[in-house]
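# Understanding the architecture of this molecule
So the chains spell out like this:
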Amino acid sequence: MDLDLSEEQEAIRDMTHSLLEEYSSVEAVRIAEDDPKGVPEALWKQLSEGGLVGVLIPEEFGGGGLGMVEAALIYEEIGRAMAPTPHFVSGVMSASVMLEAGSEAQKLAWLPKIASGEAVLTPAWIEPERGYGEVGVQLEAKREGDDFVLSGTKLSVNYAGVAERLLVLARSEDGVEILLVDPHAEGVRLTHYLSQSGEPHYKVDFDGVRVPTSDRVGEAGNGWATWDTVMHRGIVLLAAQAIGGAARCLEETVEYAKVRVQFDKPLGAFQALAHYMADASTHIDGGRVLVHEAAWNAAEGRSIARFAPMAKLFACNTYQQTTKVCAQIWGGVAFTIEYDVQMFFRRAKELQLSWWDTPYLEELIAADVLD
Amino acid sequence: MNFDFTPEEQTFADEVEAWLVENHDPVVMDHHRENFSQLSDTPERRAFMKKLAAKGWLGMSWPKEYGGQEIEGVYEFILTEALARHAAPQIGKGVGIIGKTLIRHGSDKLKQEFLPKILSAEVEFAVGYSEPQAGSDAANMQLKADKVEGGWNLNGQKMWTTSAHFAEWYWVGARTDPDKSKHNGISLFLIPMDHPGLEVQSLPTIGKDTTNQVFFEDVFVPDDYLVGVRGRGFQYIAEALDLERFTMFTLSPITNRTQVLVDYAKTSKRDGKPVRENPDTRRLIANIVTDTAVSKALSTRFLCAARGGGKPPTIPSSQYKLFTTSLSQRVCDEALDISGAAGTIREGQELAPLLGRFEGAYRATMNETVGGGSSEIQKNIIARRHLGLPKNF
Ligand SMILES: Cc1cc2nc3c(=O)[nH]c(=O)nc-3n(C[C@H](O)[C@H](O)[C@H](O)COP(=O)(O)OP(=O)(O)OC[C@H]3O[C@@H](n4cnc5c(N)ncnc54)[C@H](O)[C@@H]3O)c2cc1C
C-alpha cells in the first residue's frame, strides 16, 4: 500500500499546475464566465499543445495514452484553478465514447482532432423535465431509410458554442443511440443560457434533423451501455475536480482566517471557525484518497461500479459543504462579486448537480449494495 | 500508488484470518460486547491471548533484542483489525503503551521484569491518566507522589481506569514535582494492582461493561518503579499515544455493523414490503457505505504516512479518529431509525431485531467521540498543527 506518485505523475501534476496558474488565473476565469464560448483561447491552446486534452487518448490516435490516475491528478488541478475549458466534455466524455464504441473510421476521424484541440465534441444528453437515468433519454430518433430523424430538445449541452460535433443521446426503436450531429446542420438550433457557474450551457432544439445511420457511434441500441461505462470513469475525474476546488478554497480561507482580526483576535483563533476548517480538511484529505483509490482501481481494470459513484458523491458533498463554511468564515465579503470565494461556492453546487446528482449517485450505490 | 497490501502483508492477513476462523470460540469472541470485547478480562480470553502470543504475534514491531521482529506497524494494524473483526481480545496496552515506553525509557530492571511477560501474555495492565480534574486536559493530573525514603508515597484519586478490576499492574501518572510547570511535574509509576491502599470502585456504564475509579491512600512505590526520568511522565504519555496509532481505533466493527444492517435491510419486511425498497433506507445505506470507504481511505493515509518508520502520523490519525468515531455512532443511529419502533427493545431479548445488536451498539459507541482524545481535541490538533491556525483554545 502506498500513496506515492511516480516521478512521471508528479511531473504531470506540476506541469498542469504551472500551466493553469499562468493561463487560468482568477482574472482569466472571471472573463470567461457567462461568455458563450467560455474558454480562453490561450488556455485551450496550451492545454492542447501540452498534451493534456488527449491525456486519455492512446498514442496511436495522437493522444498521451496515460491512465486514470494521471487524469485524476490533472483534474484536481483543473478544479483548483476553476479552469474554464471544454476538456471534460471533449477530451474525457466524447473521446471515451469514441474509444469505447466508435468504429475505426470514426476514431481515426475524431480522436486525433480531439487530442490536438482542433475539434471540440460535446455530449447532448439531458432533457427538460427528465432525470439522469436511461429512461431520461427520450429525444426521438426516427428511422427513415438510411437516416435517423431527430426531434426534441436537450439542455445542459456545455460548450456547444465551440463544438464541431454533438454526441446526441437519442431513442430509436432499438433503444438509446449515440449519434454524431453537426451543430450547424439544418434543423439544429443552439440557444446559450447562463448557468450558476458561468460555464457556457446550451439548449439545443432538434427539428427534423437528418443524421445518416453511419454517424451512429456503436451498435444499434447499445448507446446507454456505452454511456454508463464512460460516465463511471468521467465522474471519478469530476470527483478529483471537486477535491481540487475544495482544497484551494479552504487554503485561501485558512490564510484569511490568520489575518482578519475581530475582537482583537484573528478569526482562526475562534474555535467555532477553526473546527469548521478542521472538519473540512478531514473531508478533503479523506476524499482525495477515495478518489485516488477509484482512479487506481479503474487503471487496474477493476470494477468501479461502487467506487466511482462513492467518489463523486463524497467529493461533491465535500466541495459544496466546504465552500459553504468558507463563505461563512469570510463573512459579508463572501457575498460580493469582488471576492473569489463566491466563485468556488457557485461551482461547487453546479458540479454537485451535474453529471449525476446526489440522489442518482446514492441510488447507484444502494443498488450495488442492496439489490 | 497501490491500494493493495504487499504480497507478504496479504499472506499475513490471510494467515491471521484462517487462524481466527480455526480458533473461533463464542465465549472468547462476542460481538455483543462491542468495544469491551477488546479486553482480556476472563480466563478464557487470557488463554486465547496466550495462544496469540505463542504464534509470535505480540510485539511484532518491537526491536529484536527485546523479543520482537522489528517489522512495520502495518502488521500490527492488520492483526488488530482482524481481532476486532472477530470481536476477539486485542493486543492491548501492554504491547503498545507500556512495552514501547519501557523499551525507550525504562531501566534494565523494569525491562527484564515486564517485557518477557508482555510478550507471553502473562500480565494485564490498567492505565491511569484521567482524574476528576484531568480529562481532556490530562496534564492537569493531581495525584500526589511525595518523596519518601527509598520511594514515593501516593495519595489521591484516578477516574476511568478501565481494567483496574482484573489487571495485575497499574501504569499511573502522578505529580512528583508540583513546583515545576504543569507538563514537567509528572512521573510514571508501575504499581501492583492489589497493593494495599489502592481501592478500586466500579463505575458501571451504559456500554454494558464497567470502568473504575481508583483511590490511593498512602500507596508506597519503590524508586525502581518510577519509569524513566522523573518529571518526564507527560512526554512519555504523549509519545506513547503517537506510537499507538496503529492499534488505536478499529474500523472493522463499523464494517461489521454495516454488513449486519445491509443483511437486515435485505431480508426484513415492513408492512409487507421489503425494507431495502424504502427510498430513505437506500439513501442512508448508500451514505454509510460511502463514508465507511472514506474512513478506510483515511486509515490508508495514516498507514502510508507511517511507512518506513518516519515521524508518527499525528495529523492523519487525528483525521481518521475524528471522522470514524462519528461515523460509528451514525451507523448505529441510522440502523435504529431503519428498525423503527422495534429498535427500542433492549439488547439480548429474542423480541429485538437482530437480538438488539444496534440498540446495544448505540449505547456502546456513545463514548467513542470522547475517549482517546475527544472529537474537539482532534479538531484542535488539526486546526493548529495542520492548518497552522493560532493557538487560542
Ligand atoms: C468508558 C471509559 C473508559 C475510559 N478508560 C480510560 C482509561 O483506561 N484510562 C484513562 O486514563 N482514561 C480513561 N478514560 C477517560 C477518557 O480518556 C476521558 O473521558 C477523556 O479524556 C475526556 O475527559 P473527560 O471525560 O474528563 O471530559 P472533559 O475533558 O471534561 O470534556 C468534556 C467536553 O469538553 C470538551 N473539551 C474539553 N477540552 C476542550 C478544548 N480544549 N476545546 C474544546 N472542547 C474541549 C470535550 O471535547 C468534551 O466534549 C475512559 C473514559 C471512559 C468514559
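Residues numbered from 1 in each chain as written. Chains lettered and ligands numbered in written order. Predicted model: local features only at pLDDT ≥ 70, side-chain atom pairs only at ≥ 80, totals over all residues. Heavy atoms only, no water.

## Considering the overall build of chain B
Counting its regular elements, chain B contains 11 helices and 10 strands. Radius of gyration (C-alpha) of chain B: 22 Å, near the 21 Å computed for a compact globule of 393 residues. For chain B, the C-alpha atoms occupy an extent of roughly 75 × 50 × 45 Å along the three principal directions. Counting all 393 residues of chain B, 55% fall into the buried class. Considering only residue pairs separated by 6 or more positions, chain B has 70% of its internal contacts joining residues 24 or more positions apart. Accessible area of chain B: about 16800 Å², with a carbon and sulfur share of 52%. (Helix = DSSP H or I, 4+ residues; strand = E, 2+ residues; numbered from the N terminus. Rg over C-alpha atoms; globule rule 2.2 N^0.38 Å. Buried < 20%, exposed > 50% of the residue type's maximum accessible area, 1.4 Å probe, protein only. Contact = heavy atoms within 4.5 Å. Areas by Shrake-Rupley, 256 points an atom, 1.4 Å probe, with all protein chains shown as cover.)

## Describing the overall build of chain A
In terms of helices and strands, chain A carries 11 helices and nine strands. Over its C-alpha atoms chain A spans a radius of gyration of 21 Å, differing by no more than 12% from the 21 Å that the globule rule assigns to 371 residues. For the C-alpha atoms alone, the extent of chain A along its principal axes is close to 80 × 45 × 45 Å. For chain A, the residues scored as buried account for 59% of the 371 residues in total. If you take every contact in chain A between residues at least 6 apart in sequence, the share linking residues at least 24 apart comes to 74%. Within the structure as shown, chain A displays about 14400 Å² of accessible surface, and the carbon and sulfur contribution to it stands at 49%. Both charge centroids of chain A, one from 30 positive and one from 57 negative side chains, sit 5 Å from each other. (Lys, Arg positive; Asp, Glu negative; His and termini not counted. Charge placed at Lys NZ, Arg CZ, Asp CG, Glu CD.)

## Focus on the pairing of strand S5 (residues 186-192) of chain B
All names here are of chain B. Where burial is concerned, most of S5 is hidden: six out of the seven residues are buried. As judged from the seven bridges shared by strand S4 (residues 169-175) and S5, these two strands associate in the antiparallel manner. Residue pairing across strands places Trp-171 opposite Leu-190, the latter belonging to S5. (Pairing = 2+ DSSP bridges.)

## So, the site of the ligand
The ligand sits among 14 residues. The nearest are Ser-136, Trp-160, Thr-162, Ser-374 and Glu-376 of chain B. Surrounding the ligand are residues belonging to chains A and B, so the site spans chains. Between a nitrogen atom of the ligand and a main-chain N or O atom of Val-127 of chain B, the distance comes to 2.8 Å. At 3.0 Å, a backbone N or O of Trp-160 of chain B approaches a nitrogen atom of the ligand. Here the ligand has 970 Å² of accessible area as a free molecule, and 66% of this is covered by the chains. (Near = heavy atom within 4 Å. Polar contact = N/O pair within 3.5 Å; in protein donor to acceptor, adjacent residues only side chain to side chain.)

## Side note on the interface of chain B and chain A
The interface of chain B with chain A comprises 44 residues on the first partner and 44 residues on the second. Note on chain B versus chain A: buried area summed over both sides is about 4100 Å², and carbon and sulfur give 66% of it. It is Met-1, Phe-3 and Arg-282 of chain B that lose the most area in chain B upon contact with chain A, and together they represent 21% of the buried surface on that side. The interface formed by chain B and chain A holds eight salt bridges in total. Measuring nitrogen to oxygen at the nearest pair gives 2.7 Å for the salt bridge that ties Asp-371 of chain A to Arg-282 of chain B. The interface formed by chain B and chain A contains 21 residue pairs in polar contact (both at pLDDT 80 or more). Within the side of chain B that touches chain A, the residues separate by chemical class into 22 nonpolar, 10 polar and 12 charged. (Buried area = accessible area lost by both parts, 1.4 Å probe. Salt bridge = Lys/Arg side-chain N within 4 Å of Asp/Glu carboxyl O. Nonpolar A, V, L, I, M, F, W, Y, C, P; charged D, E, K, R; others polar.)

## What about the domain arrangement of chain B?
Residues and elements named next belong to chain B. Taken domain by domain, chain B holds domain 1 (7-91), domain 2 (126-230) and domain 3 (249-386). Taking the mean C-alpha position of each, domain 2 and domain 3 sit 33 Å from one another. Across the contact, four residues belong to domain 2 and seven residues belong to domain 3. Interface of domain 2 and domain 3: buried area, both sides summed, is about 440 Å²; carbon and sulfur atoms make up 61% of it. Summed over the three residues of domain 2 that lose the most area to domain 3, namely Ser-136, Ile-206 and Lys-208, the buried surface amounts to 90% of that side. Taken together, the links from domain 2 to domain 3 amount to zero salt bridges. Counting across the interface, domain 2 meets domain 3 through one residue pair in polar contact (both at pLDDT 80 or more). (Domains from an automatic or database assignment.)

## Describing the side chain of Ser-172 of chain A
Residues and elements named next belong to chain A. Tracing the backbone through its elements, the reader meets Ser-172 in strand S4 (residues 165-172). Engagement of the side chain of Ser-172 in a polar contact is seen with the backbone nitrogen of Asp-174, the distance being 3.0 Å. Once you skip the residues sitting within four places of it in the chain, Ser-172 turns out to touch Ala-141, Phe-148 and Glu-177.

## A closer look at empty space enclosed by the protein
Following the criterion strictly, the structure yields three cavities of 30 Å³ or more and no others. Roughly 410 Å³ of volume is contained in the largest cavity. For the largest cavity, the lining is made up of 28 residues, of which Ala-83, Ser-197, Glu-199, Gln-241 and Glu-350 of chain A are closest to its centre. In this model, the second largest cavity occupies a volume close to 70 Å³. Looking at the second largest cavity, it is lined by 15 residues, and the ones nearest its centre are Leu-336, Ser-339, Pro-353, Phe-358 and Glu-359 of chain B. Looking at the lining of the second largest cavity, the elements with two or more residues in it are helix H7 (252-267), helix H9 (314-339) and helix H10 (357-364) of chain B. Classifying every residue of the lining of the second largest cavity gives 10 nonpolar, three polar and two charged. (1 Å grid on protein atoms, 1.4 Å probe; cavity = no way out; pocket = protein on both sides within 12 Å on 5 of 7 lines; lining within 4 Å. Points joined across faces, edges and corners; volume = space filled by probe spheres on them.)

## So, the pattern of salt bridges
In this structure the tally under the stated criterion is 48 salt bridges over all chains. Note that Lys-55 of chain B and Glu-15 of chain B form a salt bridge whose closest N and O atoms lie 3.9 Å from each other. One end of the pair, Lys-55 of chain B, is in the loop between helix H2 (43-54) and helix H3 (73-85); the other, Glu-15 of chain B, is in helix H1 (residues 7-22), with 40 residues separating them in the sequence. Judged by relative accessible area, Lys-55 of chain B falls into the partly exposed class, the value being 36%. Judged by its relative accessible area of 38%, Glu-15 of chain B is partly exposed. By sharing partners, the salt bridges in this structure join Glu-76, Asp-285 and Arg-288 of chain A together with Arg-301 of chain B into a single network.

## Focus: the packing of helix H4 (residues 68-81) of chain A against helix H7 (residues 223-259) of chain A
All names here are of chain A. Between H4 and H7, the least distance of the axes is 6 Å, while the angle of their chain directions is 40 degrees. Judged by the angle between their axes, H4 and H7 are oblique. Along this stretch, H4 crosses H7, giving a crossing that reads as right-handed. Facing Met-68, Ala-71, Ala-72, Tyr-75, Glu-76, Ile-78, Gly-79, Arg-80 and Ala-81 of H4, the residues of H7 in contact are Arg-233, Val-236, Leu-237, Ala-240, Gln-241, Ile-243, Gly-244, Gly-245, Ala-247, Arg-248 and Glu-251. Partitioning the contact of H4 with H7 into residue classes produces 11 nonpolar, four polar and five charged. (Axes fitted to C-alpha atoms, helices over the stretch in contact; angles between N-to-C directions. Parallel < 35°, antiparallel > 145°, perpendicular 65-115°, else oblique. Left-handed = near helix turned anticlockwise from the far one by under 90°.)

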